[in-house]
Amino acid sequence: MVYQLHLTSLVEIKRQNDIIGFKWGQQAPVAFHCRNLEVAEISEDLWNELGNSSSEIQSVTNSEALTSLNEWNNEINSEVQSGHLNFGIRTLTINVTQICNLMCTYCAAGGDGTYGAPEVKISVEKTLPQLKYFLDQAPSNQSFKIIFLGGEPLLYPEGIRALGNYVRSYLLTSAAAKNITPLFGIVTNGTLLNDENIELLKSLKCHVTVSLDGPPEINDVARPLKNGKGSTTLALQGIRKLFENKADLGSIVLHGVFNSDNMNQLATYEFYRQFPADKFEFTYSVMDQSDLPDKLGDQSSQNFSDQMHSLAEKAYSESGESGLRQIGFFDNIFSALDEQRRTENFCGAGKSFLVVDAKNKIFTCPWDVGQKEEQIGNNIFENPQEALKNYSKPLLELNNCQTCWARYLCGGGCMFIHKKATGSKNTKSPEFCQRMQSLLMTSILFYKKCRTQDERTYHEESKAH
Ligand code: SF4
Ligand code: SF4
């Protein structure tokens with residue numbers, strides 16, 4: 001079978017059972033074993049046989065190729081790590097406030113973070129017992145992560161300080177002596193990163209993600225202030241200050257969102273590179289799906305994958321594997337392939353993480369906040385497994401992904417995007433699948449390029465000795 005994915009002018013794709021092959025220009029064909037997460041260069045004979053299992057065998061060489069293909073397909077590699085996710089909440093995202101000082105064009109929360117509701121900040125008094133409950137329930141000897149989200153969370157630094165201090169001091173008490181390590185993260189627009197707020201983030205050794213969509217000519221349009229002026233100057237002041245304090249923080253990630261109005265990842269990548277960030281994240285906007293009635297025929301999802309392919313080429317040609325691995329998506333996939341670690345859940349929503357909104361209501365996904373029907377009932381505090389029973393199975397199973405070649409790298413996809421496209425969290429968005437498969441194909445091709453380069457370097461070194 002020949003798959004029609006993006007970049008078909010560049011990459012030919014064939015599949016036979018659990019082996020998928022890619023042929024990219026003049027390069028040797030690459031095959032990926034979907035269950036075992038193995039990537040290998042294959043011979044032209046093997047490539048010719050791939051996907052031809054029912055055709056007549058033309059020669060002895062091809063018969064041998066077919067046999068080795070079938071043997072490889074049937075192999076069970078005991079080194080492969082399961083992607084099973086045990087139930088137990090280990091991450092809480094807390095919307096400390098729903099208000100925001102920006103008015104981003106693609107904001108899903110009513111354009112200003114409020115979902116049209118009156119301005120609200122979280123009640124610290126109500127949140128502390130909720131935190132205590134989840135910390136008491138949390139599995140021992142692991143980390144417990146709190147992510148502060150908004151609106152713009154730095155509009156309520158007092159809330160962040162109170163909740164952060166509580167978590168740290170509670171975990172030191174004998175009542176909570178389960179060897180749990182607290183970790184803190186924040187997602188901010190960067191415009192309020194003044195000295196005081198940076199001291200607060202340093203006191204929590206916070207992992208900071210700054211949302212910035214690119215250079216001023218892009219970011220000012222996508223992420224204006226409430227008064228309509230661009231926010232980039234303020235954000236860059238904050239970001240520079242943040243990097244001056246990098247040693248006392250956790251990681252720093254720059255994160256851009258792309259949609260039909262802004263599909264210039266290459267310009268954003270160039271702009272990001274002035275900063276020594278741990279990672280750059282490039283996300284396709286969840287609000288920009290061509291399977292939605294008002295977006296029908298929109299090519300931006302395909303453009304996004306194509307641009308990510310160009311981005312990979314640029315990062316690889318300029319900085320090799322380290323350049324690729326500075327891009328969050330490629331780094332995750334390279335690690336999964338190196339460790340042969342399967343993913344059975346695209347995200348841990350309802351299994352390992354929950355969201356507390358600014359009204360102290362509980363949700364499974366940050367994007368569900370504001371949707372009453374998605375709220376988890378109060379029985380979460382009596383019988384969490386019962387309250388979250390609809391989320392208990394692996395997403396691969398819930399979303400019927402058993403035959404997809406990309407399943408153990410994707411993990412069933414984003415439930416929010418699926419629901420937006422199809423009306424059900426567990427019915428897949430075809431556009432999502434196409435984009436994901438294309439991004440994974442790019443990752444696999446570049447993974448093999450990096451590893452082949454390693455092999456060459458190794459052989460050259462061996463010869464030199
Ligand atoms: S969501 Fe789509 S791409 Fe992901 S595993 Fe399922 S079928 Fe494959
Ligand atoms: S369902 Fe999608 S948007 Fe929601 S938490 Fe999971 S990955 Fe994120």
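Right, let's walk through the structure included here.

Cut-off values and rules
- Residues numbered from 1 in each chain as written.
- Chains lettered and ligands numbered in written order.
- Predicted model: local features only at pLDDT ≥ 70, side-chain atom pairs only at ≥ 80, totals over all residues.
- Heavy atoms only, no water.
- Helix = DSSP H or I, 4+ residues; strand = E, 2+ residues; numbered from the N terminus.
- Buried < 20%, exposed > 50% of the residue type's maximum accessible area, 1.4 Å probe, protein only.
- Contact = heavy atoms within 4.5 Å.
- Areas by Shrake-Rupley, 256 points an atom, 1.4 Å probe, with all protein chains shown as cover.
- Patch = residues over 30% accessible without salt bridge, like charges linked within 9 Å, V, L, I, M, F, W, Y side chains within 5 Å.
- Salt bridge = Lys/Arg side-chain N within 4 Å of Asp/Glu carboxyl O.
- Lys, Arg positive; Asp, Glu negative; His and termini not counted.
- Charge placed at Lys NZ, Arg CZ, Asp CG, Glu CD.
- Near = heavy atom within 4 Å.
- Nonpolar A, V, L, I, M, F, W, Y, C, P; charged D, E, K, R; others polar.
- Expected span 1.5 Å × (residues − 1).
- Bend = angle between axes of the 7 residues up to and from the residue.
- Pairing = 2+ DSSP bridges.
- Axes fitted to C-alpha atoms, helices over the stretch in contact; angles between N-to-C directions.

1. Here's the deal with the overall build of the protein chain
Moving on, step 1. For the protein chain, the helix and strand inventory stands at 15 helices and 12 strands.
Moving on, step 2. Counting across all 465 residues of the protein chain, residues that qualify as buried make up 54%.
Moving on, step 3. Across the protein chain, the fraction of contacts at a sequence separation of at least 24, relative to all contacts at a separation of at least 6, is 70%.
Moving on, step 4. Here the protein chain displays about 20,500 Å² of accessible surface, and carbon together with sulfur accounts for 49% of that area.

2. Things to note about a positive patch on the surface
Moving on, step 1. A contiguous patch of positive charge on the surface is contributed by Lys126, Lys359, Lys361 and Lys372.
Moving on, step 2. Structurally, Lys126 can be placed in helix H3 (residues 124-137).
Moving on, step 3. Taking the relative accessible area as the measure of exposure, Lys126 reaches 52% and is therefore exposed.

3. Regarding the site of ligand 1
Moving on, step 1. Around ligand 1 sit Cys401, Cys404, Arg407, Cys410, Gly412, Gly413, His418, Lys428 and Cys433, and those are all the residues in its vicinity.
Moving on, step 2. Classifying every residue of the shell around ligand 1 gives 4 nonpolar, 3 polar and 2 charged.

4. As for helix H9 (residues 300-325)
Moving on, step 1. Across its 26 residues, H9 extends only 24 Å between first and last C-alpha, which sits more than 12% below the 38 Å expected from 1.5 Å per residue.
Moving on, step 2. When the local axis directions of H9 are compared, the greatest deviation, roughly 140°, occurs at Ser319.

5. Digging into the site of ligand 2
Moving on, step 1. All residues adjacent to ligand 2 are Phe346, Cys347, Phe353, Cys365, Pro366, Trp367, Cys414, Met415 and Phe416.
Moving on, step 2. Grouping the amino acids of the shell around ligand 2 by side-chain chemistry returns 9 nonpolar, no polar and no charged.

6. Remarks on the pairing of strand E2 (residues 19-24)
Moving on, step 1. For E2, a buried count of 6 out of 6 residues is recorded, marking the element as mostly surrounded by other parts of the structure.
Moving on, step 2. What you see with E2 is no split at all: Ile19, Gly21 and Lys23 on one side and Ile20, Phe22 and Trp24 on the other are buried throughout.
Moving on, step 3. Bridge count between strand E1 (residues 11-16) and E2: 6 bridges; the pairing is antiparallel. Its bridge partner lying in E2, Glu12 is registered against Lys23.
Moving on, step 4. In this structure, the hairpin formed by E1 and E2 is closed by a connection of 2 residues, where Asn17 is found at a positive phi of approximately 50°.

7. Structural notes on the sheet that holds strand E11 (residues 353-356)
Two pairing modes exist for strands in a sheet, parallel and antiparallel, and in both the strands are linked by backbone hydrogen bonds.
Moving on, step 1. Strand order in this open sheet of 8 strands is E10-E9-E8-E7-E6-E5-E11-E12, and the pairing throughout is mixed. In this open sheet, the two edge strands, each paired with only one partner strand, are strand E10 (279-284) and strand E12 (362-363).
Moving on, step 2. With 4 bridges joining them, strand E8 (residues 207-211) and strand E9 (residues 252-258) adopt parallel strand pairing. Opposite Ser211, over in E9, you have His255 as the bridge partner.

8. A few points about the sheet that holds E2
Moving on, step 1. Here 4 strands make up an open sheet; going across it, the order is E1-E2-E3-E4 and the pairing antiparallel. Taken across any chain shown, the strands that pair with only one partner, and hence form the sheet edges, are E1 and strand E4 (38-41). Mean inter-strand twist for the sheet, computed between neighbouring axes without regard to direction, equals 20°.

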